[in-house]
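One-letter residues, chain by chain:
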Amino acid sequence: MRGEYSERDGDAAGRSTGGGRTGPATEAFITHRNLLFTVAYEMLGSAADAEDVLQETWLRWADVDLDTVRDRRAYLVRITTRQALGRLRTLGRRKESYVGSWLPEPLLTSPDVAEDVELADSVSMAMMLVMETLTPTERAVFVLREVFDLEYDEIADAVDKSPAAVRQIAHRARAHVAARRPRGAVSPAQTKGALDAFRRAVETGDLQGLLDIMAPDVVLLGDGGGIKQAVLRPVVGADKVARLLHAGMGRLPAGASLRPAQVNGHPALILRLDGAIDTVVAVRVDDGLVTGLYAVRNPEKLSYMQRETALRR
């Protein structure tokens, strides 16, 4: 069932209703599908799990009496949120046994995602990792309020809390994120400029160039999932990170290529070996310098880099 809606929305939903026609339940689900996927992905950090949540959402939505539903969008978001909360707790147990650092599943995104600054910020690798430090309920409330601008009453229905409790949770989550989020707003041009300089330094083996473009406290995280070799713990400091990258690129075969791409709404780099994606490197840029490098190598997390994923608010 995984991924069914991502490729065959109409046909899949039509089959689920038991016929060839598209009914009102199917139409509502398809209309809001990209929004629901975005909600689930921001809560889970996993596109594969987000697709599973959408499947579960559909199964429950198909049994709803639409005559009792005042706002179909809000109702669908509520179902999706509840399913994602349950999945978050399962995912948390899975992460406890994960080999090395766990990073969100990268998405190849279209230019319109980058144009929505708030959406792009919320799905950036850096922000997704900040949201990982929230409790499941805090994460749900933060995403629904700060990203999708839902009213407190609507969020209360989704997380089974009172509106007053949701306000408190939102305040706490907002403060928690504010203390850990990227240091300041960075324009796409600044990010692209820093990434281009970083890429040139890596490709040319320019160790000093790497040191010049990285902040002194830069952090490198690698996610191989125990399948591919990756740093098991964060590497901190420009000198350590630069020397590690310099040595690593020097060992790559002649057929390797490092090319820019839009990943999670931001410029990133894709390392290919013999044409196949080997590593996706997302970056965090603050004040014109690279402060975070997130290298995803786990092949189980790279399937959504083959085609653009539509994200919506």
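All figures in this text were calculated on a predicted structure; none of them were measured in a lab. (Residues numbered from 1 in each chain as written. Predicted model: local features only at pLDDT ≥ 70, side-chain atom pairs only at ≥ 80, totals over all residues. Heavy atoms only, no water.)

J.: Before we move on, could you go through the sheet that holds strand 4 (residues 266–273) and cite the residues and values that matter?
T.: The strand order 2-1-6-5-4-3 describes an open sheet built from 6 strands, whose pairing is mixed. A strand with exactly one partner marks an edge of an open sheet, and here the two such strands are strand 2 (235–236) and strand 3 (256–263). Relative to strand 5 (residues 276–286), strand 4 runs antiparallel, the two being bridged by 6 bridges. Within strand 5, the residue paired with Arg272 across the bridge is Ile277. Contacts from helix 13 (residues 188–204) reach strand 1 (214–223), strand 3, strand 4, strand 5 and strand 6 (289–296) within the one sheet, and its direction differs from that of strand 4 by about 25 degrees. In this fold helix 15 (residues 238–250) packs onto strand 1, strand 2 and strand 6, with an angle of close to 50 degrees to the strand it touches most, strand 1. (Pairing = 2+ DSSP bridges. Helix = DSSP H or I, 4+ residues; strand = E, 2+ residues; numbered from the N terminus. Contact = heavy atoms within 4.5 Å. Axes fitted to C-alpha atoms, helices over the stretch in contact; angles between N-to-C directions.)

J.: Lay out the nonpolar core in plain terms, naming residues and giving numbers.
T.: Side chains that are nonpolar tend, in soluble globular proteins, to be buried together. Counting 56 residues, the largest nonpolar core has Phe37, Met43 and Trp61 as the members making the most contacts within it. Examining the composition of this core, we find that 8 residues originate from one element, helix 4 (residues 33–44), more than from any other. In this structure Met43 touches Thr81, Ala84, Leu85, Leu88, Arg139, Ala140 and Val143, once residues within four positions along its chain are discounted. In this structure, Ala238, Val241, Leu245 and Val290 belong to the second largest nonpolar core, which totals 24 residues. (Core = buried A, V, L, I, M, F, W, Y, C linked by side-chain atoms within 4.5 Å. Buried < 20%, exposed > 50% of the residue type's maximum accessible area, 1.4 Å probe, protein only.)

J.: Let's hear about the pairing of strand 3: which residues, and what values?
T.: Looking at chain direction, strand 3 and strand 4 are connected through 8 bridges and run antiparallel. Paired with Leu258 across the strands is Leu271, a residue of strand 4. Hairpin connection of strand 3 to strand 4: 2 residues between the antiparallel strands, including Asn264 at a positive phi of 50 degrees.

J.: Please set out helix 11 (residues 152–159) residue by residue, giving values where relevant.
T.: For helix 11, the set of buried residues is Tyr152, Ile155, Ala156, Ala158 and Val159. All buried residues of helix 11 fall inside an arc of 165 degrees around its axis, so they share one side. Next to the buried residues of helix 11 lie helix 6 (72–96), helix 10 (136–147) and helix 12 (163–178). Positive phi shows up at Asp160, right after helix 11, with a value of about 60 degrees. (Arc of directions from axis to C-beta.)

J.: Account for the packing of helix 11 against helix 12, with residues named and values stated.
T.: Relative to each other, helix 11 and helix 12 sit at 95 degrees, their axes nearing to 9 Å. Relative to helix 12, the element helix 11 is oriented roughly perpendicular. Residues Tyr152, Asp153, Ile155, Ala156 and Val159 of helix 11 form the contact with helix 12, whose participating residues are Pro163, Val166, Arg167, Ala170 and Arg174. Here the residues of the contact of helix 11 with helix 12 are counted per class, giving 7 nonpolar, no polar and 3 charged. (Parallel < 35°, antiparallel > 145°, perpendicular 65-115°, else oblique. Nonpolar A, V, L, I, M, F, W, Y, C, P; charged D, E, K, R; others polar.)

J.: Explain the packing of helix 6 against helix 11 residue by residue, including any values.
T.: Between helix 6 and helix 11, the shortest axis-to-axis distance is 8 Å and the interhelical angle comes to 45 degrees. With respect to each other, helix 6 and helix 11 are oriented oblique. Here the hand of the crossing between helix 6 and helix 11 comes out right-handed. Between helix 6 and helix 11, the contacting residues are Ala74, Arg78, Thr81, Arg82 and Leu85 on the first element and Glu154, Asp157, Ala158 and Val159 on the second. Looking at side-chain class alone, the contact of helix 6 with helix 11 contains 4 nonpolar, 1 polar and 4 charged residues. (Left-handed = near helix turned anticlockwise from the far one by under 90°.)

J.: Residues and numbers for the pattern of salt bridges, please.
T.: This structure, assessed with the given rule, holds 22 salt bridges. Where Glu138 meets Arg172, a salt bridge forms, and the shortest distance between an N and an O atom there is 2.8 Å. With Glu138 in helix 10 and Arg172 in helix 12, this residue pair connects regions lying 34 residues apart in the sequence. Note on Arg172: relative accessible area 43%, which makes it partly exposed. Linking Asp286 and Arg284 is a salt bridge whose minimum nitrogen-to-oxygen distance equals 2.9 Å. Per residue, the accessibility class of Asp286 equals that of Arg284, and both read buried. Connected through salt bridges with shared partners, the residues Asp49, Asp52, Glu56, Arg87 and Arg94 form a single ionic network. (Salt bridge = Lys/Arg side-chain N within 4 Å of Asp/Glu carboxyl O.)

J.: Can you explain the environment of Pro136? Please cite residues and give values.
T.: For Pro136, the location among the structural elements is in helix 10. When its relative accessible area of 27% is taken as the criterion, Pro136 is described as partly exposed. C-alpha separation for the pair Pro136 and Gly226, spaced 90 residues apart in sequence, amounts to 26 Å. Setting aside residues no more than four positions away along its own chain, Pro136 makes contact with Leu85, Leu88 and Arg89.

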